[in-house]
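One-letter residues, chain by chain:
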Amino acid sequence: MSKILIIEDELSIAELERDYLELNNFEVEIETNGAAGLKKAQEEEYSLIILDLMLPDMDGFEICKAIREEKDIPIIMVTAKKNDIDKIRGLGLGVDDYVTKPFSPSELVARVKAHISRYERLIGSTALQNNIIEIRGLKIDRTDRRVYIDNEEKVFTNKEFDLLVFLASNPNKVFSKEELFNKIWNMESIGDIATVTVHIKKIREKIEFDTSKPQYIETVWGVGYRFRM
Ligand code: CA
């Protein structure tokens, strides 16, 4: 079941949103305080956050910015003023959508559903619950530490596996060889950043259909590597 966090100081509005969402089989938590809401958003797993812009202790902009530093789950901003929409857009905070008060609860539910399904498609069928990452024929089982391509198992060394999982868990972000080396080989003194290149080559040989045109791990020239989602 998808869990939603509502950060809203007007309890009657929060409860109205909650009632409609619960009728649609969502699990809902309410926080009426900005700082407490932010803490929950950072520490717990939600499918979506409905965030009121005007809160007594912290504004929605600050909260959104802080959530975005750690998570890319959908955020719907609720505002009382139409003028705020331009500001929300202008700040480039990564808000997925916004609604202005008063809004129709059923429209909010429709948007919530649309954003959750879009996000789930975006992250492939990444099932965080069972620790399996599945993207375009590549399946990584983090619990069993096994990798499959079109259901055929590929044998990975520990470091190759760690490197692949790290990249696949942070899709569409570019990491330099230095960053990858520090992440995967951290305190071990043996090896240098060339080790990263060697491991990427070995991983590609196992998972790519054509290593000259990689569809999973892309080289970003002069920068590093990126796992394409
Ligand atoms: Ca408010």
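For the structure itself, consult the block above.
Being a predicted model, the structure only gives us computed values, none of them experimental.

Conventions adopted
- Residues numbered from 1 in each chain as written.
- Predicted model: local features only at pLDDT ≥ 70, side-chain atom pairs only at ≥ 80, totals over all residues.
- Heavy atoms only, no water.
- Helix = DSSP H or I, 4+ residues; strand = E, 2+ residues; numbered from the N terminus.
- Buried < 20%, exposed > 50% of the residue type's maximum accessible area, 1.4 Å probe, protein only.
- Contact = heavy atoms within 4.5 Å.
- Expected span 1.5 Å × (residues − 1).
- Arc of directions from axis to C-beta.
- Donors = N, O, S within 2.8 Å, 3.2 Å for Na, K, Ca; no water.

S.K.: Quick one: what's the story with the environment of I140, residue by residue and with numbers?
M.R.: Of note, I140 is situated in strand β7 (residues 138–141). Overall, I140 belongs to the buried group, its relative accessible area being 0%. I140 sits 24 residues away from L164 along the chain, and the two C-alpha atoms are 8.8 Å apart. Every residue in contact with I140, bar those within four places of it in the chain, is listed here: N131, I132, I133, R146, V147, F161, L164, V165 and A168.

S.K.: Account for helix α1 (residues 11–23), naming residues and giving values.
M.R.: Under the 1.5 Å per step criterion, the end-to-end length of α1 is 18 Å for 13 residues, consistent within 8% with the ideal 18 Å. Taken together, the buried positions of α1 are occupied by I13, A14, E17 and L21. Along the long axis of α1, the arc covered by the buried residues comes to 100 degrees, so they all point the same way. Looking at α1, the residues exposed on the side facing more than 90 degrees away from the buried face are S12 and L23. Looking at the buried positions of α1, the neighbouring elements they touch are β1 (3–7), β2 (27–31), β3 (48–52), β4 (75–79) and α5 (105–122). Positioned one or two residues after α1, N25 has a phi angle of 70 degrees, which is positive.

S.K.: Can you lay out the coordination of the calcium ion for me, pointing to particular residues and giving the numbers?
M.R.: Those donors, D9 (OD), D52 (OD) and M54 (O), are the protein atoms that reach the calcium ion, and they lie 2.1 to 2.3 Å from it. Positions of the donor residues of the calcium ion along the chain correspond to the pattern D-x42-D-x1-M. With D9 in the loop between β1 and α1 and D52 in strand β3, this pair connects stretches of sequence that are 43 residues apart. Taking relative accessible area as the criterion, D9 reaches 29% and is therefore assigned partly exposed. Residue D52 is classed as buried on the basis of its relative accessible area of 3%.

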